[in-house]
Amino acid sequence: MRTIRARRVLVLANPAAGPRKGRDEGGAVARAVSRAGVRCELERTRAPGDASRAAASAPAAGFDLVLAVGGDGTVHEAAQGIAGSGVALGVAPAGTMNLLARVLGIPLDAPRAAELLVLAGRRLAFRPGRAGERLFVLMAGIGFDAWVLREVLRRARGRPSMRHYAWGALRGLRTYRFPEIRFDAGDGRRLRATSAVVGRAPLYGGWLRPTPRASLERDELEICVFRGRSGPDYLRMAPSLWSGSHVDRADAEARIVTAVRGESHDPDVPVQLDGELAGTLPMEFGVSGRILVLAT
Amino acid sequence: MRLLLRNGRVLDPASGVDDTLDVLIEDGRIARLEAKIPARGAEVADLAGLVVCPGFLDMHVHLREPGQEWKETIATGTRAAAAGGFTGVACMPNTVPVNDSRSVTESILRTAARDAVVAVYPVGCVSKGQAGEELAEMADMFEAGARAFSDDGQPVASGLLLRKALEYSRLFDVPILDHCEDSGLVAGGVVHEGDVSTRMGLRGWPGVAEDVVVQRDVLLAEYTAGRLHVAHLSTGRSADIVRRAKKAGIRVTCEATPHHLALTDEAVSGFDTNAKMNPPLRPESDRRALLKALQDGTVDAIATDHAPHHADEKNVEFSRAPFGIVGLETAVSVCLDRLVHGGTIGLPRLVELFTSGPARILGLAKGTLAPGADADVTVLDPNRRVTVDPARFRSKSANTPFAGWSLRGAPVMTLVAGRIVHDGR
Ligand SMILES: [Zn+2]
Ligand SMILES: [Zn+2]
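Residues numbered from 1 in each chain as written. Chains lettered and ligands numbered in written order. Predicted model: local features only at pLDDT ≥ 70, side-chain atom pairs only at ≥ 80, totals over all residues. Heavy atoms only, no water.

Enquirer: Give me the overall build of chain B: which residues, what numbers.
Expert: Helices and strands together make up the secondary structure of chain B, namely 14 helices and 18 strands. Its C-alpha atoms give chain B a radius of gyration of 20 Å, near enough to 22 Å, the size a compact globule of 425 residues would have. For chain B, the spread of C-alpha atoms along the principal axes amounts to about 65 × 45 × 45 Å. Looking at the 425 residues of chain B, the share that counts as buried comes to 62%. Contacts in chain B between residues far apart in sequence, at least 24 positions, make up 75% of those at least 6 positions apart. For chain B, the exposed surface amounts to about 14,800 Å²; the carbon and sulfur share of it is 48%. Across chain B, the mean location of the 47 positive side-chain charges is 3 Å away from that of the 55 negative side-chain charges. (Helix = DSSP H or I, 4+ residues; strand = E, 2+ residues; numbered from the N terminus. Rg over C-alpha atoms; globule rule 2.2 N^0.38 Å. Buried < 20%, exposed > 50% of the residue type's maximum accessible area, 1.4 Å probe, protein only. Contact = heavy atoms within 4.5 Å. Areas by Shrake-Rupley, 256 points an atom, 1.4 Å probe, with all protein chains shown as cover. Lys, Arg positive; Asp, Glu negative; His and termini not counted. Charge placed at Lys NZ, Arg CZ, Asp CG, Glu CD.)

Enquirer: I'd love a proper account of the packing of helix H1 (residues 74–83) of chain B against helix H2 (residues 102–115) of chain B, names of residues and values included.
Expert: Residue and element names in this part refer to chain B. The N-to-C vectors of H1 and H2 enclose an angle of 60 degrees; their axes lie 9 Å apart at closest approach. In terms of axis orientation, H1 runs oblique to H2. Between H1 and H2 the crossing geometry is right-handed. Residues Ile 74, Ala 75, Thr 78 and Arg 79 of H1 form the contact with H2, whose own contacting residues are Ile 108, Thr 111, Ala 112 and Asp 115. (Axes fitted to C-alpha atoms, helices over the stretch in contact; angles between N-to-C directions. Parallel < 35°, antiparallel > 145°, perpendicular 65-115°, else oblique. Left-handed = near helix turned anticlockwise from the far one by under 90°.)

Enquirer: Could you give me a rundown of the domain arrangement of chain A, with the residues and numbers involved?
Expert: All names here are of chain A. Considered domain by domain, chain A is made up of domain 1 (2–126) and domain 2 (134–295). Here domain 1 and domain 2 have C-alpha centroids that lie 26 Å from each other. Facing 33 residues of domain 1, the contacting portion of domain 2 comprises 26 residues. A combined buried area of about 2,800 Å² lies between domain 1 and domain 2, and 68% of that area is made up of carbon and sulfur atoms. Taken together, the connections running from domain 1 to domain 2 amount to zero salt bridges. The interface formed by domain 1 and domain 2 holds eleven residue pairs in polar contact (both at pLDDT 80 or more) in total. Contributing elements (two or more residues each) for the side of domain 1 that touches domain 2: helix H3 (72–82), strand E4 (88–93), helix H4 (99–104) and strand E5 (123–126). (Domains from an automatic or database assignment. Buried area = accessible area lost by both parts, 1.4 Å probe. Salt bridge = Lys/Arg side-chain N within 4 Å of Asp/Glu carboxyl O. Polar contact = N/O pair within 3.5 Å; in protein donor to acceptor, adjacent residues only side chain to side chain.)

Enquirer: Give a detailed account of the packing of aromatic side chains, specifying residues and quantitative values.
Expert: Counted according to the given criterion, the structure contains 13 aromatic pairs over all chains. On the basis of an interplanar angle of 40 degrees and a centroid distance of 6.4 Å, the ring pair of Tyr 176 of chain A and Tyr 234 of chain A is categorised as tilted. With a gap of 58 residues between them, Tyr 176 of chain A in the loop between helix H7 (162–175) and strand E9 (181–184) and Tyr 234 of chain A in helix H8 (residues 231–243) connect regions that are remote in the sequence. Judged by relative accessible area, which is 7%, Tyr 234 of chain A ranks as buried. A ring pair is formed by Phe 56 of chain B and Phe 354 of chain B, whose centres lie 4.9 Å apart and whose planes are at 10 degrees; its orientation type is stacked. Separated by 298 residues along the polypeptide, Phe 56 of chain B in strand E6 (residues 56–61) and Phe 354 of chain B in helix H13 (residues 347–354) bring together distant segments of the chain. Under the relative-accessibility criterion, Phe 56 of chain B is labelled buried at 0%. Among the aromatic side chains, those forming a connected cluster through ring pairs are Phe 144, Trp 147, Tyr 176, Phe 178 and Tyr 234 of chain A. The aromatic ring of Phe 63 of chain A is capped on one face by Arg 8 of chain A, whose charged end is 4.4 Å from the ring centroid. Between Lys 276 of chain B and the ring centre of Phe 323 of chain B, over which it is positioned, the NZ or CZ distance is 4.7 Å. (Phe/Tyr/Trp six-rings, centres within 6.5 Å; stacked < 30°, edge-to-face > 60°. Lys NZ or Arg CZ within 6 Å of the ring centre and 35° of its normal.)

Enquirer: Explain the coordination of the zinc ion (ligand 2) to me, and be specific about the residues and the numbers.
Expert: All names here are of chain B. Within the protein, the zinc ion (ligand 2) binds to His 60 (NE2), His 62 (NE2), Asp 152 (OD) and Asp 305 (OD); these donor distances fall in the range 2.0 to 2.3 Å. If you look at the zinc ion (ligand 2), its four donor atoms make angles of 85 to 172 degrees with each other, and the shape they trace is irregular. Linear spacing of the donor residues for the zinc ion (ligand 2) on their chain is H-x1-H-x89-D-x152-D. The distance between the zinc ion (ligand 2) and the zinc ion (ligand 1) is 3.3 Å, with Asp 152 acting as a donor to both metals. (Donors = N, O, S within 2.8 Å, 3.2 Å for Na, K, Ca; no water. Tetrahedral: all angles 85-135°; square planar, octahedral: opposite > 155°, others 65-115°.)

Enquirer: So, the coordination of the zinc ion (ligand 1): which residues are in play, and what are the values?
Expert: Taken together, the protein donors to the zinc ion (ligand 1) comprise Asp 152 of chain B (OD), His 179 of chain B (ND1) and His 232 of chain B (NE2), at separations of 2.0 to 2.1 Å. Summarised as a motif, the one-chain spacing of the donors to the zinc ion (ligand 1) is D-x26-H-x52-H.

Enquirer: Pulling in residues and values, what's your account of the side chain of His 309 of chain B?
Expert: All names here are of chain B. Looking at where His 309 falls in the secondary structure, it is placed in the loop between strand E15 (301–302) and helix H11 (311–314). We classify His 309 as buried; its relative accessible area is 6%. Only 2.6 Å separates the side chain of His 309 from the backbone oxygen of Phe 323, close enough to count as a polar contact. Residues contacting His 309, with those up to four places away along its chain left out, are Arg 64, Lys 71, Lys 314, Pro 322, Phe 323, Gly 324, Ser 397 and Asn 399.

Enquirer: Please provide a residue-by-residue account of the interface of chain B and chain A, values included.
Expert: Tallying the contact residues gives 17 residues for chain B and 21 residues for chain A. Of the roughly 1,500 Å² buried between chain B and chain A, counting both surfaces, carbon and sulfur atoms make up 50%. Taken as a group, Arg 203, Phe 271 and Glu 317 of chain B account for 37% of the area that chain B buries against chain A, more than any other trio of residues on that side. The tally of links between chain B and chain A comes to one salt bridge. A salt bridge links Arg 171 of chain A to Glu 317 of chain B; its shortest N-O distance comes to 3.3 Å. Here chain B is connected to chain A by twelve residue pairs in polar contact (both at pLDDT 80 or more). Residues that form the side of chain B that touches chain A fall into these classes: six nonpolar, seven polar and four charged. (Nonpolar A, V, L, I, M, F, W, Y, C, P; charged D, E, K, R; others polar.)

Here it is in structure tokens:
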């Protein structure tokens, strides 16, 4: 595939992202882009919604590439603003997990990734996942993982670390309510679950692979439902999520779908999208018509 | 027993007084109100630089006794009220057991006579057992001393029941205080439905779930000619409905809380369960509409909805934490700082919202310093700087979103029937 040299780049940095607090990754990326001889502007986000707003204004301001410096959450936010505009979105990974960078095979060093994407990037146009009004790039988590995320964010002062998540997952195994969730894919077959992951990409946090068949290159989603009814049930299933053998278990099931609606009588089933909390069920999940152009 | 309050700015909107005057109190009543009153053996309190107001009333308080004494008692709740500048509180009936009969009303008043340091006005249940089905014995409770009726904590869900209550209440000319919430629409929501609820992964409680019930209640008040009072108004649309109803001559009043006037739903962004209440904090547009409703007279009273919960009950997952915050010891400072110094309303209007406003709704001969009135007095220092420190609350609970706030203006002295129940000068 042909590579493209960017003309004008908006560097969108989330200083709160990632494990290396206090390091000015945004500044380092902006310097790398300038050194490569490409015009760029640096914008640092301060509050939720900033990245989405800044990305949305990029097309009108004449940028042809937005570089999100941060983690999957930063990409998630920027994607909301930029999808459908034709302007490309690239990730200079500076987050904790950096799943999108891993999926796309981008170097896990922000300035080096930036230089590569700006000078010789390729373009992958794909249709992101849609959850209600929002888009997601990697995955939607329904139930347990969003429950854990919410509790970790409530307890952690500042940016949570991997240890917070591990602690949160253990605590979640005791506090989660294992609600009855129903998924309807519109094809007559219903799925029952106590938690689920709707994947747009094959990777998930923590080196788990609940939806290995999902691919950015195909306009479909893979839904993986979990039916365990207790913390011990979930614990017994966890190892199979590393190997991908969970689909052989009776208490898990994975299917390829184009759209699926989730609902529950329990009013408190939270949803996370790309690691960001995003409301509660009921919610429809599908593939968006707004094309997102990724720089890879 | 004579007490002379000297040199204060006496501010009594009910009788149109706003002047530097001395106030002489004799036998628990206001005896005289004049420019210079000789002491003649009376005890003297020099209040130069301070504002002397009729005693503040909080018409929406959960005292939790009987039944939930680990959260609050009549003794601690009324001490919190006194420290917060209140001389009287109306206590909601959702105790354990609920206040749905003469015997519970009487026992609350007996405990109050023994333990309370400010006046306690019981609110009786609208329905038996607060179950929303059968009308409670309102006449019995009224005779025993109940001054309003409500199923607060929950709405009067049945239109038929509300109709009966409004009709029945006309006999004693008492208001029905409704907690306006369509539970079906709320559907388990815990924060305002909007950007913040999405960002937090929490079920939203949409403003329209309040508006539809306010509108229904207003229609029933018009139909029955009963007296409706909307508790803790939280949305701009509800304020519009009340404003229009008042213009049309329908007998409706409403209250707003300091937290809905001072905070928005952004306060829950950090998952602070001390900012979780029902109705939830709303976005800035609703807050602004409430401020306008304060200015134009749509809102009749400011009430705290003081809802104490133990720290252990609040320190759980956000969606599981109980609704409610304490308010008695922060309300006056929050309102002086945000509303008066913030330029929304003048001090006389604020005093009205805390005195004659609620007194009129509850039908109490209170809220004025006119000679002959009970000597319930609240003294304010409009410029004192205070920092909210929950560790120093008299309340048993400390669930406040205002911890650490630095505020300008505070209540400094409280008198009930001529007796000083709090002196922080
Ligand atoms: Zn209420
Ligand atoms: Zn209440």
